[in-house]
Amino acid sequence: MTTRVLEARQAAHGYRVRVGDGALAALADLVAGHDQVALVSCRTVLGTPFGQRAEGAVRRASRSVLLHLLPDGERGKTLAHLEGAAGHLLRAGATRRSLVVALGGGAVTDAAGFLAAVFMRGVEWVAVPTTLLAMVDAALGGKTGVNLPLAKNAIGAFHPPVAVLADPASLRTLPQRETRSGFGELVKYAALRPALLPRVAAAARAGRADATLIAECARIKLEIVASDPQERGERKLLNLGHTFGHGVEAAGAFRRYAHGEAVAIGLAFAFRLARAMGRVDARSVAAVESALAGS
Ligand code: GLY
């Protein structure tokens, strides 16, 4: 059982990203020293074998655990649910020394991270991503937030976690559609680092990303974030395919397409546009589209 440990840095803040079977074991030490743990998740994740294991690990590590469930997916990423969660924490006696543990996919991670950013002006949080997409993107880099009816992620904060525990055991029960959605983000990294394209394309065809590939994609993101934590320049690269992708999500009323699916379509649009503008060659477009076709 190998767990890869990546060192993340965002300005003065450093944290570790553990990727691999057994990453969850680090939770006990992280919980120590906190008055209370607010475990934020959703019913679907909590009902999986990994969700049960994670909840058990939190309960063994802390005498005071508050469980807060958000609605699945983007439905839970609203100001109303943020208010509900904050009220729940307050009533349960959470303090500034409480720890938020986000257990779930991209939407739970974004919403729970934002709760941690604003509850009592900021508490520490740990991300336990349970989807491929959250492992390689949402849980890394500290972008947290909720949606407004007008726009996705319209309200948020940069608030990096104190640790990320990405345990691929959670991917074993991930619905195929969620796995494919995660590949949208993996192909994005491969488009940014073309040497990775053959491996990402092969993994997409197999419908499975192993811990080594997840860690490699995470490392790419962490390097970019370290050089530009607040997205003033280089970090914008991580939005490759997302401008078109957000348009695709909006066209589907944010229900028809999963985020990673929209990013995949957005990548194809972006590369075709770049080709039309003479910025990339036809082979690059073909390579990206072939990797996307496999996912
Ligand atoms: N999801 C893009 C970023 O974190 O910058």
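Residues numbered from 1 in each chain as written. Predicted model: local features only at pLDDT ≥ 70, side-chain atom pairs only at ≥ 80, totals over all residues. Heavy atoms only, no water.

Can you explain the overall build of the protein? Please cite residues and give values.
A tally of helices and strands in the protein yields 12 helices and 9 strands. Taken against the 2.2 N^0.38 rule, which gives 19 Å for 295 residues, the C-alpha radius of gyration of the protein at 18 Å falls within 12% of a compact globule. Considering only C-alpha atoms, the protein reaches an extent of 60 × 45 × 35 Å along its principal axes. A buried classification covers 53% of the 295 residues belonging to the protein. A separation of at least 24 residues holds for 72% of the contacts in the protein among residues at least 6 apart in sequence. As presented, the protein carries roughly 13,300 Å² of accessible surface, and 53% of it is formed by carbon and sulfur atoms. For the protein, the distance from the average site of its 36 positive side-chain charges to the average site of its 24 negative ones is 1 Å. (Helix = DSSP H or I, 4+ residues; strand = E, 2+ residues; numbered from the N terminus. Rg over C-alpha atoms; globule rule 2.2 N^0.38 Å. Buried < 20%, exposed > 50% of the residue type's maximum accessible area, 1.4 Å probe, protein only. Contact = heavy atoms within 4.5 Å. Areas by Shrake-Rupley, 256 points an atom, 1.4 Å probe, with all protein chains shown as cover. Lys, Arg positive; Asp, Glu negative; His and termini not counted. Charge placed at Lys NZ, Arg CZ, Asp CG, Glu CD.)

Help me get a handle on a nonpolar patch on the surface, residues and values and all.
Taken together, Phe244, Ile265, Phe269, Leu273 and Met277 make up a surface patch of nonpolar side chains, about 430 Å² in accessible area. Of the residues forming the nonpolar patch, the biggest block, 3 residues, is contributed by helix α11 (residues 259–276). Among the secondary structure elements, Leu273 is positioned in helix α11. (Patch = residues over 30% accessible without salt bridge, like charges linked within 9 Å, V, L, I, M, F, W, Y side chains within 5 Å. Salt bridge = Lys/Arg side-chain N within 4 Å of Asp/Glu carboxyl O.)

Hey, could you go over the site of the ligand for me, with residue numbers and the actual values?
Within the structure, the ligand sits among Asp137, Lys143, Lys221, Glu231, Arg235, Leu238 and Asn239. A distance of 2.9 Å separates an oxygen atom of the ligand from a polar side-chain atom of Lys143. One nitrogen or oxygen atom from the side chain of Arg235 is found 2.8 Å from an oxygen atom belonging to the ligand. Contact with the protein chains covers 90% of the free accessible surface of the ligand, which is 200 Å². Here the shell around the ligand is composed, by residue class, of 1 nonpolar, 1 polar and 5 charged. (Near = heavy atom within 4 Å. Polar contact = N/O pair within 3.5 Å; in protein donor to acceptor, adjacent residues only side chain to side chain. Nonpolar A, V, L, I, M, F, W, Y, C, P; charged D, E, K, R; others polar.)

Could you give me a rundown of the pattern of salt bridges, with the residues and numbers involved?
In this structure the tally under the stated criterion is 16 salt bridges. Arg16 serves as the salt-bridge partner of Glu7, at 2.9 Å between the closest nitrogen and oxygen. Put simply, Asp21 and Arg172 hold a salt bridge, and the shortest N to O gap is 3.5 Å. Placement of the pair is Asp21 in the loop between β2 (13–19) and α1 (27–31) and Arg172 in the loop between β9 (163–166) and α7 (176–192), with a sequence separation of 151 residues. Overlapping salt bridges bring together Glu74, Lys77, Asp110, Lys152 and Glu249 as one network.

Provide a residue-level description of the pairing of strand β5 (residues 99–104), including the pertinent values.
On any regular strand, side chains alternate: one points to one face of the sheet, the next to the other face. With 6 of 6 residues buried, β5 is to be regarded as a mostly interior element. One ladder, built from 4 bridges, connects strand β3 (residues 37–42) with β5; its direction is parallel. Each bridged residue has a counterpart across the sheet, and for Val37 the counterpart in β5 is Leu99. Judged from the 6 bridges that link them, β5 and strand β6 (residues 124–129) form a sheet pairing that is parallel. The partner of Leu103 across the bridge, within β6, is Val128. Remark: the β5/helix α5 (residues 106–118)/β6 crossover connection has right-handed handedness. (Pairing = 2+ DSSP bridges. Right-handed = clockwise from strand over helix to strand, strands pointing away.)

Outline the nonpolar core, listing residues and values.
Core analysis: the biggest nonpolar cluster contains 69 residues, and Val17, Val100, Leu186 and Ile214 have the highest contact counts within it. Ranked by size, the runner-up nonpolar core spans 23 residues in total, among them Ala26, Leu27, Val45 and Val126. (Core = buried A, V, L, I, M, F, W, Y, C linked by side-chain atoms within 4.5 Å.)

Residues and numbers for helix α8 (residues 197–206), please.
Buried within α8 we find Leu197, Val200, Ala201, Ala203 and Ala204. Looking down the long axis of α8, one finds its buried residues gathered within 165° of arc, a one-sided arrangement. Exposed side of α8, more than 90 degrees from the buried face: Pro198, Arg205 and Ala206 are the residues found there. Backbone geometry just after α8 places Gly207 at a positive phi near 70°. (Arc of directions from axis to C-beta.)

Describe in detail the packing of helix α10 (residues 242–251) against α11, supporting the description with residues and values.
Relative orientation of the contacting elements α10 and α11 amounts to 130°, with a least axis distance of 7 Å. Taken together, the axis directions place α10 and α11 in an arrangement best described as oblique. Handedness of the crossing formed by α10 with α11: right-handed. Residues His242, Phe244, Gly245, His246, Val248 and Glu249 of α10 form the contact with α11, whose participating residues are His259, Ala262, Val263, Ile265, Gly266, Phe269, Ala270 and Leu273. Along the lines of polarity and charge, the residues of the contact of α10 with α11 split into 8 nonpolar, 5 polar and 1 charged. (Axes fitted to C-alpha atoms, helices over the stretch in contact; angles between N-to-C directions. Parallel < 35°, antiparallel > 145°, perpendicular 65-115°, else oblique. Left-handed = near helix turned anticlockwise from the far one by under 90°.)

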